[in-house]
Amino acid sequence: MIIIMLGAPGTGKGTVAGILSEKLGIPQVSTGDIFRKNIKEETELGKIAEEYISKGKLVPDNITIEIVKDRLNEKDVENGVILDGFPRTLGQAEELEKILIKDNKKVDMVINLTTPEEEIIERVSNRRVCSNQDCKAVYNVVLNPPKEEGICDKCGSHLVKREDDNPETTKKRIQTYLDLTDPLIEYYTNKGNLFTEVVSKNTKLGKQVAEDIVSKIKGE
Ligand code: ADP
Ligand code: ZN
C-alpha cells in the first residue's frame, strides 16, 4: 500500500505517518528526515539542502526526486511505504507516478492534513523532536509532552527544537506550501484518492486522526 501524507508544516504529518507505519507495518519515508540526517552528517547533499531549508524554501525537484527514487528501490519498501513530505510539488507528483507505473504500482491513498494557520505557528514553536536519528519521535510541549521534560519517552535521548521551527521561517514555509504544494490537493482530488482530516486542539490531535485512519483502512 502506498500512502502519501500531504499537509502544511506543523499539521502533524510526521506524527500521523509514524503511527500509521507502526500499526500497518509499512516503513515511513520522510524527505525532511533524510535532509536533516544529511545536514547533521555534513554530506554534500546536506550542504545544499540546508541552504533551502533554512530559508523555508523547497529543496529543488531534481535533487529531491533522485533521493526518493533511490529510496524506493530499497527492499523494505517493496510491499508499501508511507511517504511523509513527498511529493510537495506537481513536478514531484508526476515523477512519482512515473516511478510507480514502472512497477505496476500506484498511490493508494493521500492523507491531507489541515490545521488553522494560527494554530500552526503555535504547534511548530511548541514542537520538540528526538535528537536520536534512529528514533525521531515528535512531541508538543503543551499538547503531547514527554513524561520527563526534555527526554524522549521512547529512547531516552534529548529532545531538541528544529532549526527551522522559528516563527519567521515557519511563515515562509507556510507560504511555500500555499504556492507549491497546495495545488496537489486538486491533483489528487481529481484522481479520487484524497482523504482530508482536520488536526486541531479543538477537534482531534494527530494521534486520534491516525487511529481513525487505521480503522478506516482495516475496515473496522
Ligand atoms: P515540515 O512539513 O514541518 O516543513 P519536513 O520535515 O517535511 O517538515 O520538511 C522540512 C524541510 O525539508 C522543508 O521545509 C523543505 O525545505 C525540505 N523538504 C522536505 N520534503 C521536501 C520535498 N518533497 N521537496 C522539497 N523540499 C522538501
Ligand atoms: Zn527518541
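Before reading further, recall that the structure is shown in the block above.
Quick caveat, the model's predicted, so the values are computed rather than measured.

A. Structural detail: the layout of surface pockets. Estimates place the volume of the second largest pocket at around 170 Å³. Residue lining of the second largest pocket: I2, K69, L72, N73, V77, V81, I99, L100, K102, D103 and K105, and that is the complete set. Take the lining of the second largest pocket: its biggest share by element is 3 residues, from helix α5 (residues 90-102). Residue classes in the lining of the second largest pocket are distributed as 6 nonpolar, 1 polar and 4 charged.

B. Examining the pairing of strand β3 (residues 81-84) more closely. Side chains V81 and L83 of β3 all project onto a buried face; the interleaved residues I82 and D84 project onto the opposite face, where all are buried too. Pairing geometry for strand β1 (residues 2-7) and β3, over 4 bridges, is parallel. Looking at the pairing, I3 lines up with I82 of β3. One ladder, built from 3 bridges, connects strand β2 (residues 28-30) with β3; its direction is parallel. Across the sheet, the residue bridging to V29 is L83, located in β3.

C. Molecular detail of the coordination of the zinc ion (ligand 2). Listed as protein donors to the zinc ion (ligand 2) are C130 (SG), C135 (SG), C152 (SG) and C155 (SG); their distances from the metal cover 2.3 to 2.4 Å. Coordination geometry of the zinc ion (ligand 2): the 4 donor atoms subtend angles of 96 to 114 degrees at the metal centre, consistent with an arrangement described as tetrahedral. Coordination of the zinc ion (ligand 2) draws on donor residues from a single chain, spaced C-x4-C-x16-C-x2-C in sequence. Of the two residues, C130 sits in strand β5 (residues 127-130) while C155 sits in the loop between β6 (138-140) and β7 (159-160), which places them 25 residues apart along the sequence. On the basis of relative accessibility, which here comes to 6%, the residue C130 falls in the buried class. Classification of C155 as partly exposed rests on a relative accessible area of 34%.

Definitions and limits used
- Residues numbered from 1 in each chain as written.
- Chains lettered and ligands numbered in written order.
- Predicted model: local features only at pLDDT ≥ 70, side-chain atom pairs only at ≥ 80, totals over all residues.
- Heavy atoms only, no water.
- 1 Å grid on protein atoms, 1.4 Å probe; cavity = no way out; pocket = protein on both sides within 12 Å on 5 of 7 lines; lining within 4 Å.
- Points joined across faces, edges and corners; volume = space filled by probe spheres on them.
- Helix = DSSP H or I, 4+ residues; strand = E, 2+ residues; numbered from the N terminus.
- Nonpolar A, V, L, I, M, F, W, Y, C, P; charged D, E, K, R; others polar.
- Buried < 20%, exposed > 50% of the residue type's maximum accessible area, 1.4 Å probe, protein only.
- Pairing = 2+ DSSP bridges.
- Donors = N, O, S within 2.8 Å, 3.2 Å for Na, K, Ca; no water.
- Tetrahedral: all angles 85-135°; square planar, octahedral: opposite > 155°, others 65-115°.

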